[in-house]
Structure formats: C-alpha cells, structure tokens
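Per-entry structural report
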Amino acid sequence: MKLILGIGGGIAAYKSAELARILMQNGHEVQAVMTSAAQKFVQPLTFAALTGRRVLTDLFALEAAIEHISVAQENQLLAIAPATADLLAKFAHGLADDFLTTLYLAFTGPVVLAPAMNVNMWQHPATQSNLAALRARGHCIVAPESGYLACGMTGPGRLADPQAIAQAIEQALSTSRDLEGETILITAGPTQEPLDPVRFISNRSSGKMGYALAEAAIARGARVILVSGPVHLEPPRGADLIPVRTATEMRDKVFESLGPTTIVVKAAAVADFHLSRVPDQKVKKTAARLSLELDPTPDILAELGRKKGDRLLIGFAAETQNLQAEARRKLESKNCDMIVANLVGTAGSGFDSDQNEAILVLRSGDSISLPRAPKREIADRIFDQIPKLRLALQTAK
Ligand code: PMT
C-alpha cells in the first residue's frame, strides 16, 4: 500500500529511519515528508535512500504548489513519527504553515500518530487536551514508552518501538477501507414532536453518537446516508445528509432511502409519543392545568426489522436500568442483528457527551463490553463487528 511517513523535529527522528525500513520491508510504498525541524536532526537523504523516493520538505518549492493535495489523495494512510508537541497542537487546531501540516488537513484517510517529547511536555494539559481532540477525531495514537529521555529526565515520552508503530500502521491499514462497497443508513439526533406551532416535545440527544458513526463509516470507505434530527453539528464531509424533524418524517425518509442500503444503524433518539393532531395556533394559557393525550410514534426500528431482507440492522437501546436484559429484549422483538446498549442518565456518557460506554448485544448470545471512550472510537468498535454479523446472518439462512 501507499503511505506517508511524516517526520517531526525531535531527537527520536533517527528512529523513524528504522520505521521507514520496516514499512518498506512490509511491502509498502513510503513517501517521507519532513518538517524543517526534523531536517536539523536527520538529513532527508537518509529517508530518500531508504524509501527510494524524493523526500518532501518544502511547501513553497515551485513544484510543490499543489503537491500536498495530490500526495494526500494518492496515499492510503498518514503516519507521523515522531509527532512532536508542536505538531499535535497544529493538527488539533488545524494550523497549516508547512508541507506536513497542510498535507494533514488535506488528508482524509486513517492517521497514526506516534508522539515523542519531554515528560513534562507530554503531561502538560495542553498536550493532553490536543491528544484527546485527535483521538476523538478517530486517529490512532501509539503511546510513547516510559524510560530515560534525551533531556535527562525519566518518564513517558520516548518514541514507541518502531516495530510497535509499524504494527499499529498495519492494523489501521487492515481496517481502513473495510466498509468499501457498503451503503450505510445512519439515523442520528433527537426528533421534535410539535405541540403547537411554537412548542415541541424532544430529548437531550445531541447527535454526536450518530455523527461519529457517520464519520467512522466514511473513513472506512462506506457511502453514508445520514437521516438526522435537529442538531447543532457540522455534517461529516461526504455524508448524504437528510434533515428531518419528527419521528414520522424520519420514518418516511428512512424508508425512501432504504433501497441501496446494506447496513442500517439506528442511533437516533426517536420520540416514542407525539400529538397526532397538532393545533394550528399557539395554545393559550387559559386553564390552570393542561392535559396532553399522546399517541405512539411509528416504531421505525421494528418496521425495519420486518422489512430488513439481507441488510444488517443495528439498533441502539438507551436505558437507565436492566441494560443487558432490555437490550436483548429489543434485539429479539425488533429482529436486529446487534443492539448497542448504553446507559443514559449517568454523567460523562450517553446523551450529549463526547464519550460513551456500551455493551454490544449480539444474536449469537455474546455480549461485548466497550469501556468509556470517545464516541468516534466507540463507532469504530461497532463497525469492527460487521464481518461477524454478516457471517452470522448468512449461516442463519
Ligand atoms: O445523540 P447523543 O447525544 O450522542 O446521544 C447518543 C444516544 C444516547 C442518543 C445514543 O447512543 C442512543 O442510545 N440512541 C438510541 C436512543 C433511543 O431512542 O433508545 P430507545 O431504547 O428508546 O430505542 C431503541 C431503538 O429503537 C433505537 O435504535 C431507536 O432509534 C429506535 N426507535 C425508537 C423509537 C421509535 N419510535 N422508533 C425507533 O426506531
């Protein structure tokens, strides 16, 4: 495969030469890119000799005018070793002032970052918050090792072993395009059920889980149709966004779009009840008490379960208690292939959090615990199950 090895300016830059050698030995075509600081530690000639290619160093060289775009498009993975504190900060905040940082912004495939720096720089809250942002973006971070550092201090900060970085790169490459050819319909966010022209019933879903799923699926090569309730999020680049408001609208759009889909993931928090006849005018405060009689909304997941055919159907269960038992009941009653069960109402996961923790409940009777992690990482762990789910569906036929 074709991949980019970015080298940042740190004492560990020399170890990247060994990484380049391993990657070449593994049969990859490696394009080395060095920052100007990296060139103070190692000569580009070292990487040119190891990779058999010109090393890219200068954004402003005449021939490099749009090269960062073509290099971004031609390669399947971007690895950075060593990733310095400065590079992590620039990546986290989208600063692009040289070839490598510009390339990072133009690159849409998987990213593996192997940081190396002084222990205090590594532990600084600024670096840790930049890392959290990059992890949430779905990048793989190969944690530095603990030990004696070039600065004379001891602690975490030493570049991971080149073999371990190469292994992380192989792992990222093997999952990187595994959803190519799939068309995945994902529902996200809340629905809003009007009570009159100005009021509605809704819930606390932010859409973050569904949008993280969409991002992960696109990164892994799938076409994504994102049917989304009202949220305040930027739609993931490349998703076909279908905005909806109510459960009934979501139901209609899901079934209109179902034709080409091979996988459906229902992360939306659909309101269970609505007012079936909404008044045309704002309800006046005339009485001391107002009672609402609500009717059930269409159960989209249950209807999908009846009409799923060969598709994989992944539902969610948002529960405040009896998580596994409720999830298994939903799995059976709605004919799903898997339920992602998450506890809601606890701080730091579920609704409106950047993180989630879940139990994947499968038809085989297995359940898999996903410890608390950024929603983007949870999304990847959910999609990791696809081959197993497909095999189970085929053998059940
Ligand atoms: O959006 P975030 O802030 O990131 O929060 C994420 C989340 C907590 C909303 C998400 O992880 C989640 O749990 N989504 C499902 C919420 C939900 O409605 O759960 P439920 O147990 O009430 O419903 C079970 C399943 O049936 C869900 O897949 C739901 O989409 C579906 N459903 C529910 C009602 C209905 N009328 N039609 C449906 O299709």
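Counting from 1, residues in each chain are numbered in the order their sequence is written. Per-residue local features of the predicted model are confined to residues with pLDDT of at least 70, and side-chain atom pairs are confined, for both listing and counting, to 80 or more; whole-chain, interface and lining totals are unaffected and use all residues. Hydrogens and waters are ignored; side-chain quantities use all the structure's heavy atoms.

**Describing the site of the ligand**
It suffices for a single heavy atom of a residue to lie within 4 Å of a molecule or strand for the residue to be listed as near it. Every one of the 30 residues lining the ligand counts as a neighbour, but Ser205, Ser206, Lys330, Asn342 and Asp352 are closest to it. Think of a polar contact as two N or O atoms within 3.5 Å of one another; within protein, one of them needs to be a possible hydrogen donor and the other a possible acceptor, and neighboring residues in sequence only count if both atoms come from side chains. Interatomic distance of 2.6 Å between a side-chain N/O atom of Ser205 and an oxygen atom of the ligand. At 2.5 Å, a side-chain N or O of Asn342 approaches an oxygen atom of the ligand. To be clear on the numbers: accessible area is Shrake-Rupley with a 1.4 Å probe, and residue cover counts the displayed protein chains and nothing else. Coverage of the ligand by the protein amounts to 95% of the 770 Å² it exposes when considered alone. Taken atom by atom, the bulk of the ligand overlaps the second largest pocket. Only DSSP runs of H or I reaching four residues or more are called helices, and only runs of E reaching two or more are called strands; each is numbered from the N terminus. Only helix H10 (208-219), helix H12 (300-307) and strand E16 (312-319) provide two or more residues apiece to the shell around the ligand. Sort the elements by how many residues they give to the shell around the ligand and E16 lands first, with five residues. Cavities and pockets are defined on a 1 Å grid built over the protein atoms alone: a cavity is a set of grid points where a 1.4 Å probe fits but cannot escape, while a pocket is an open set with protein on both sides within 12 Å along at least five of seven lines, and lining residues are those with an atom within 4 Å of any such point. If over half the atoms of a molecule are within 2 Å of the grid points of a cavity or pocket, the molecule is regarded as sitting in it.

**With respect to the domain arrangement of the protein**
Annotation of the protein at the domain level lists domain 1 (2-174) and domain 2 (183-396). Relative to domain 2, the C-alpha centre of domain 1 lies at a distance of 37 Å. In this description, contact between two residues means that some pair of their heavy atoms is separated by no more than 4.5 Å. Taken together, the six residues of domain 1 in the interface contact four residues of domain 2. Taking both sides of the interface into account, the surface hidden between domain 1 and domain 2 amounts to around 430 Å²; carbon and sulfur atoms contribute 49%. Contact with domain 2 buries surface across domain 1, with Thr108, Arg135 and Ala136 losing the most and accounting together for 57% of the total. What counts as a salt bridge is simple: a side-chain nitrogen of Lys or Arg found within 4 Å of a carboxyl oxygen of Asp or Glu. On the surface where domain 1 and domain 2 come into contact, there are zero salt bridges. Lys, Arg, Asp and Glu make up the charged group, whereas Ala, Val, Leu, Ile, Met, Phe, Trp, Tyr, Cys and Pro make up the nonpolar group; the residues left over, Gly among them, are polar. Its residues assigned to classes, the side of domain 1 that touches domain 2 shows two nonpolar, two polar and two charged. Domain start and end points were adopted from an automatic or database domain assignment. By buried area we mean how much accessible surface two parts lose on assembly, using a 1.4 Å probe and totalling the loss over both.

**Some details on the sheet that holds strand E12 (residues 240-243)**
The strand order across the open sheet formed by eight strands is E12-E11-E8-E13-E16-E17-E18-E19, and the pairing between neighbours is mixed. The open sheet is flanked by E12 and strand E19 (367-374), the only strands paired with a single partner. Taken pair by pair, the neighbouring strands of this sheet meet at an average axis angle of 20°, ignoring direction. Alignment of strand E8 (residues 183-188) against strand E13 (residues 263-266), held across four bridges, turns out to be parallel. Among the inter-strand pairings, Thr187 is bridged to a residue of E13, identified as Lys266. For helices, the axis comes from a line fit to the C-alpha atoms of the stretch in contact; other axes are also lines fit to C-alpha atoms, and the angle between any two N-to-C directions lies between 0 and 180 degrees. Running at roughly 165° to E8, H10 makes contact with E8, strand E11 (223-228), E12, E13, E16 and strand E18 (355-362) of the sheet. Between any two strands, at least two bridges found by DSSP are needed for them to pair.

**A short note on the pattern of salt bridges**
Tallied over the full model, the rule gives 27 salt bridges. Between Asp196 and Arg199 there is a salt bridge, with its nearest N and O atoms 2.5 Å apart. Between Glu303 and Lys307 there is a salt bridge, and its shortest N-O distance comes to 2.6 Å. In this pair, Glu303 and Lys307 are both assigned in helix H12, four residues apart and thus about one turn of the helix distant.

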